[in-house]
Amino acid sequence: MVVRKVQHWNKTTHEVQFYLTSLDSDANKIGSAIRQHWGIENSVHWTLDVTFHEDECRIHSMHSPQNFALLRRIALNALDREPTFRRSIRQKSRRAAMNDQYMVSVLAASIANYSPLL
């Protein structure tokens, strides 16, 4: 069980969350695992939702949701690796949509250090 105290402006709320785990009963280890999980959620998933509106996506048929999720992650990584335009991922995405030359630089940055696994 994790109890979180969240302060919003003039209001304080308490959230209680329960976790099931096969880890040994070690508070430090479990706390670290929970923080690591939420670190990923707050960085990658939040960025995908804010930049690509992933939570609002209404694609539901067959393999389309997984395919589009993969494409979003590829786009996120490509935009993140492009070093010349130092702005947010959202701004980089919009610039790539409007400027073909910048889009080519994003694609070039994403394959610059590519090494095949074969």
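- An unreviewed UniProt entry lists the protein chain under the name Transposase, with Alloalcanivorax profundimaris given as the organism.

## Structural notes on the UniProt feature "domain: Transposase IS4-like" (unreviewed entry) in the protein chain
Piece 1. Residues annotated by UniProt as "domain: Transposase IS4-like" (unreviewed entry) correspond here to residues 7-77.
Piece 2. Here residues 7-77 is 56% helix and 13% strand, with 33 Å between the C-alpha atoms at its ends.

## Brief notes about the side chain of Lys92
Piece 1. Within the secondary structure layout, Lys92 lies in helix α3 (residues 89-98).
Piece 2. Of the buried charged residues, Lys92 lacks a salt bridge, with Glu82 as the closest side chain of opposite charge at 4.3 Å.
Piece 3. Here the side chain of Lys92 touches Leu79 through a polar contact of 3.0 Å, landing on its backbone oxygen.
Piece 4. Among residues more than four places away in sequence, those in contact with Lys92 are Leu79, Asp80, Glu82, Phe85, Arg87 and Tyr102.

The rules we used
- Residues numbered from 1 in each chain as written.
- Predicted model: local features only at pLDDT ≥ 70, side-chain atom pairs only at ≥ 80, totals over all residues.
- Heavy atoms only, no water.
- UniProt positions renumbered as here; feature names shortened; annotations may be inferred.
- Helix = DSSP H or I, 4+ residues; strand = E, 2+ residues; numbered from the N terminus.
- Buried < 20%, exposed > 50% of the residue type's maximum accessible area, 1.4 Å probe, protein only.
- Lys, Arg positive; Asp, Glu negative; His and termini not counted.
- Salt bridge = Lys/Arg side-chain N within 4 Å of Asp/Glu carboxyl O.
- Polar contact = N/O pair within 3.5 Å; in protein donor to acceptor, adjacent residues only side chain to side chain.
- Contact = heavy atoms within 4.5 Å.

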